[in-house]
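Observations on the model geometry
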Amino acid sequence: MQLINKEQVKDWLSVYFIMGSPNCRKDPKETLEEAIEGGATLFQFREKGANALTGEKKWMLAAELQDVCRRQAIPFLVNDDIELAVKLEADGVHIGQEDAALSDVRKRLPGRIIGVSVHTMEEAIKAIDEGADYLGIGPVFPTATKADAQPVQGTKLIEEIRSAGLSIPIVGIGGIQAENAAQVVSSGADGVSVITAISQAASPREAAAQLKKAILEN
Ligand SMILES: Cc1ncsc1CCOP(=O)(O)O
Ligand SMILES: C=C1C=NC(C)=NC1=N
Ligand SMILES: [Mg+2]
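The rules we used
Residues numbered from 1 in each chain as written. Chains lettered and ligands numbered in written order. Predicted model: local features only at pLDDT ≥ 70, side-chain atom pairs only at ≥ 80, totals over all residues. Heavy atoms only, no water. UniProt positions renumbered as here; feature names shortened; annotations may be inferred. 1 Å grid on protein atoms, 1.4 Å probe; cavity = no way out; pocket = protein on both sides within 12 Å on 5 of 7 lines; lining within 4 Å. Helix = DSSP H or I, 4+ residues; strand = E, 2+ residues; numbered from the N terminus. Buried < 20%, exposed > 50% of the residue type's maximum accessible area, 1.4 Å probe, protein only. Contact = heavy atoms within 4.5 Å. Near = heavy atom within 4 Å. Polar contact = N/O pair within 3.5 Å; in protein donor to acceptor, adjacent residues only side chain to side chain. Areas by Shrake-Rupley, 256 points an atom, 1.4 Å probe, with all protein chains shown as cover. Sits in = over half its atoms within 2 Å of the grid points.

With numbering matched to this structure, UniProt assigns "binding site: 4-amino-2-methyl-5-(diphosphooxymethyl)pyrimidine" (unreviewed entry) to Gln 44, Phe 45, Arg 46, Glu 47, Lys 48, Asn 79, Ser 117 and Lys 146. Considered against the largest pocket, the annotated residues that line it turn out to be Gln 44, Arg 46, Lys 48, Asn 79, Ser 117 and Lys 146. Position of Asn 79 among the secondary structure elements: in strand β3 (residues 76-79). The exposure class of Asn 79 is buried, given its relative accessible area of 10%. Other than its neighbours up to four places away in sequence, Asn 79 contacts Gln 44, Phe 45, Arg 46, Lys 48 and His 94. Residue position: Lys 146 is located in the loop between β6 (134-137) and α7 (156-163). For Lys 146, a relative accessible area of 31% translates into the label partly exposed.

Below, the discussion takes up the site of ligand 2. Every residue near ligand 2 is listed here: Tyr 16, Ile 18, Gln 44, Arg 46, Asn 79, His 94, Ser 117, Gly 136, Val 171, Ile 173 and Ser 193. Contacts to ligand 2 include Asn 79, whose side-chain N or O atom sits 3.4 Å from a nitrogen atom. Take His 94: an N or O atom from its side chain is 3.4 Å from a nitrogen atom of ligand 2. Contact with the protein chains removes 92% of the 270 Å² of surface that ligand 2 exposes when unbound. Placement of ligand 2 is best described as lying within the largest pocket. Those elements that place two or more of their residues in the shell around ligand 2 are β1 (15-19) and β7 (170-173).

Pasting the structure below:
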């Protein structure tokens, strides 16, 4: 089994753009191209919420955005939809606590990146034991993007995991902007993941560049 290099995953997590068509103020393909030009290092296709595409339309958009990632050589991950990830031979998936079990996902996507959302130390330890390649931790700050988000937790859990001596790649998520990104990384995260900060920016390119600058200063 090809093991995924932890240091490579940490680099990918630096500026982690997540989006679906409902999040974008303009064409999703253009938004993604600009985000990557600005410095996004990883992409997650997350087609969720009001007006989210389904079926053929969703798969077509996913394939189009995967092609952008391929051309720009950044990994293309899919949120929740394991079947879509398998069909497209995506570079990995991100799953929540209520999604498929990690062991089942690993069987269907051997050698690919599997990220897990965690909100407590118990969930973090379970995900690490099951072989998660990275943890998505948040919401760090208030966010309007995920209607059913868990309570805002700041960087507490990120700090707890690091002070427990655990070196698993971590990305913070939730309400992150260039102005508050540095504190997420200085608390021990390897990078920041954002939806609104890039997808709703007048210039997704400039927004991604500002995020990259903010975390590199750390
Ligand atoms: C998917 C997700 N998980 C926790 S908060 C969140 C939404 C993050 O969106 P934004 O970057 O717009 O706050
Ligand atoms: C809920 C999520 C938490 N973290 C990440 C990285 N992606 C998600 N979709
Ligand atoms: Mg989910």
